[in-house]
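Results of the structural survey
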Amino acid sequence: MFDDLNDLYQQVILDHSKCPRNFHKLDHATCTAQGHNPLCGDNVTLYLIMENNVIKDISFQGSGCAISKASASILTDSLKGKSAADVTALFDKVHAMVTTGKAGGDMGKLAVFAGVHKFPARVKCAILPWHAVVSAIDGNPEPVTTESQNG
Amino acid sequence: MNTESCTTELDHPALDVESIRREFPILDQTVNGHPLVYLDNAASSQKPRAVIDAICRYYEHDNANVHRGIHELSNRASTAYEAGRKRAAQFINAKHTSEIVFTRGTTEGINLVAQAWGTRHLRKGDKILLTEMEHHSNIVPWQLLAERVGAEIQYLPVNDDRGLLDLSRLDEWLTSDVKVFAFTHISNSLGTVNPAAEFCKRARSLGIITVVDAAQSAGHGPLDVQELDCDFLAFSGHKMCGPTGIGVLYGRQELLEATPPYQGGGDMIATVDYHKSTWNKVPHKFEAGTPHISGVVGLHAAMDYLDRIGRNRIARYDHELGAHAYEELARLKGIRLFGPHIGRAGLVSFLMTDVHAHDLVTVADQRGFALRGGHHCNQPLMKKLGVESTARASFYFYNTHQEIDRTIEVLKEIQNFFTR
Ligand SMILES: Cc1ncc(COP(=O)(O)O)c(C=O)c1O
């Protein structure tokens, strides 16, 4: 049943959306950022503790669809210990992967999002927390959105 | 006597849905490998062959600008355009054809009233009464007006668990300092059918101007502006088998006459001087520039088509589909339903426990079902209901009871898929 959808909703994605990791607020966050897609209602706030330009701790809160929630959860798992430059480089790879389906090198756990490219309407959900994390590191106070048009 | 030979709409209630479906070319296709089940009619309806052909015919034979040329094609275009106006007046039983203003749709109609009529007639401290279930297009234009003139907006509350307006408290809200009461006839996110005639009557007795958002009701049942006794009423062609980009604003003659122009340009003027112009008569003074002529032609065909099917029959069938879907959904576990339990329009709005509306809609799409997931342009209402979005199935007379049964089956599969 729904074999075609298993590409999008891989078990890992469902697991992370049901039991998101690092799903709490960080009281001593050095930077935070919000991603909000008003049309979908996807809403994610990322909390980071940066030390010497390296992510020492990262967490998130929010609500949204399975894709956006799992994406935020796996993102927090993947970024601990990464430098700001690593994050930007990884953002580009994730972006390329969810829009083309092609992973540039070993994407680790993030590879589960490759199937999103077959669902163009859902790319914005997968990429929302990534835009938010880049924005957090840039110190941009404005909430970001990956929707081009709001209803 | 052969009973078949004198069938009026009322004594022959059954719709021949199968033959109706054949008149909608778009329905005959597969989507993602499955037969299309189109259940997003509250967003936009599909178009019958008669409407598509009327638009083609217009472009193939009659196309020219209106009211300007002396030549034959311009005459034909002008005649077709004004015939559409006459048909629209008849469709909603307006007293005068000049009470019909063509717009881009409901949104533009409401903006016209708020900007042109509202700016002239509202003052600081005046109240605008809306309801908590309005579409953004019946909120934001009033906010812009309120800001411009210093008026205040109030909202008639929705009773959360049943999705009905709190009528017992109407007197508290409908007071003499309210200048305008704008409300939706049918809610696009709850399926509530509001007592529009009752609202208009109560407002009229206090001299309050009424604006009816008929986006979801026009084309889904009979609509009679004299019986409603409303002052303004707006609807969109595309939600009632007509093309996009065309709609109707009805306004009572004396109100339209007391309303300054909305936009300036050609066609809306009587005389233009470098420093001063005079306006054309109602309704032309509200129709600046070359209008959407083919849109009017298509809308005319849509109105003819709907009346051929019979609007009473459409209304009855719509309600039947809505009730069927609601009852079946209520039987499923883990479904939260929104809106009234009974007397609902042909749509259902719901949430599935632990499955976000967008995931549900994505999976349904893979099975050929076109559902809507989102806030349905009702963000404040969603907030009040404590949700971000809902999933919605909205019906029209070409939908079938089998399609609803299949929707229920697919929803069960979706539930299993996400809880695996
Ligand atoms: C109740 C209601 N009002 C207004 C509108 C706006 O209609 P349009 O976008 O055609 O102007 C809609 C359409 O979704 C609606 O459902």
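Before reading on, note that the structure itself is shown above.
Residues numbered from 1 in each chain as written. Chains lettered and ligands numbered in written order. Predicted model: local features only at pLDDT ≥ 70, side-chain atom pairs only at ≥ 80, totals over all residues. Heavy atoms only, no water.

So, the interface of chain A and chain B
On the side of chain B, 22 residues touch chain A, which itself brings 24 residues to the contact. Between chain A and chain B lies a buried interface of about 1,900 Å² when both sides are counted; carbon and sulfur atoms form 55% of it. For the pair chain A and chain B, the interface holds one salt bridge. For Arg122(A), the salt bridge identified is with Asp359(B), shortest N-O distance 2.8 Å. Summed over the shared surface of chain A and chain B, the result is eight residue pairs in polar contact (both at pLDDT 80 or more). (Contact = heavy atoms within 4.5 Å. Buried area = accessible area lost by both parts, 1.4 Å probe. Salt bridge = Lys/Arg side-chain N within 4 Å of Asp/Glu carboxyl O. Polar contact = N/O pair within 3.5 Å; in protein donor to acceptor, adjacent residues only side chain to side chain.)

Things to note about the packing of helix H2 (residues 49–62) of chain B against helix H3 (residues 72–91) of chain B
Residues and elements named next belong to chain B. Contact pair H2 / H3: the axes reach a minimum separation of 10 Å and the direction vectors enclose 155 degrees. As judged from the angle between their axes, H2 and H3 are roughly antiparallel. Counting all contacts with H2, which are made through Tyr58, His61 and Asp62, the residues of H3 involved are Leu73, Arg76 and Ala77. Per-class residue counts for the contact of H2 with H3 are three nonpolar, one polar and two charged. (Axes fitted to C-alpha atoms, helices over the stretch in contact; angles between N-to-C directions. Helix = DSSP H or I, 4+ residues; strand = E, 2+ residues; numbered from the N terminus. Parallel < 35°, antiparallel > 145°, perpendicular 65-115°, else oblique. Nonpolar A, V, L, I, M, F, W, Y, C, P; charged D, E, K, R; others polar.)

Considerations on the pairing of strand E12 (residues 247–251) of chain B
Residues and elements named next belong to chain B. In terms of burial, E12 is largely enclosed, as five of its five residues are buried. Side chains of E12 alternate between two faces, with Gly247, Leu249 and Gly251 and Val248 and Tyr250 buried alike. One ladder, built from four bridges, connects strand E4 (residues 100–103) with E12; its direction is antiparallel. Of the residues in E12, the one forming a bridge with Ile100 is Tyr250. Across five bridges, strand E11 (residues 232–236) lies against E12 in antiparallel orientation. Looking at the pairing, Ala234 lines up with Leu249 of E12. (Buried < 20%, exposed > 50% of the residue type's maximum accessible area, 1.4 Å probe, protein only. Pairing = 2+ DSSP bridges.)

Some details on the sheet that holds strand E3 (residues 54–63) of chain A
Consider a sheet: its strands pair through backbone hydrogen bonds, and that pairing is either parallel or antiparallel. Residues and elements named next belong to chain A. Here three strands make up an open sheet; going across it, the order is E1-E2-E3 and the pairing antiparallel. Edge strands, defined here as strands with exactly one partner in the open sheet, are strand E1 (31–37) and E3. Here the average twist between neighbouring strands, direction ignored, is 15 degrees. Those strands touched by helix H2 (residues 66–79) are strand E2 (42–51) and E3, and its axis lies near 165 degrees from that of E3.

Things to note about the site of the ligand
Residues and elements named next belong to chain B. Close to the ligand lie Thr106, Thr107, His135, Ser137, Thr184, Asn188, Asp213, Ala215, Gln216, Ser236, His238 and Lys239. With respect to the ligand, the side chain of His135 contributes an N or O atom lying 3.2 Å from an oxygen atom. Relative to its free-state accessible area of 400 Å², the ligand is covered by the protein chains to the extent of 85%. For the shell around the ligand, a count of residues per class yields one nonpolar, nine polar and two charged. (Near = heavy atom within 4 Å. Areas by Shrake-Rupley, 256 points an atom, 1.4 Å probe, with all protein chains shown as cover.)

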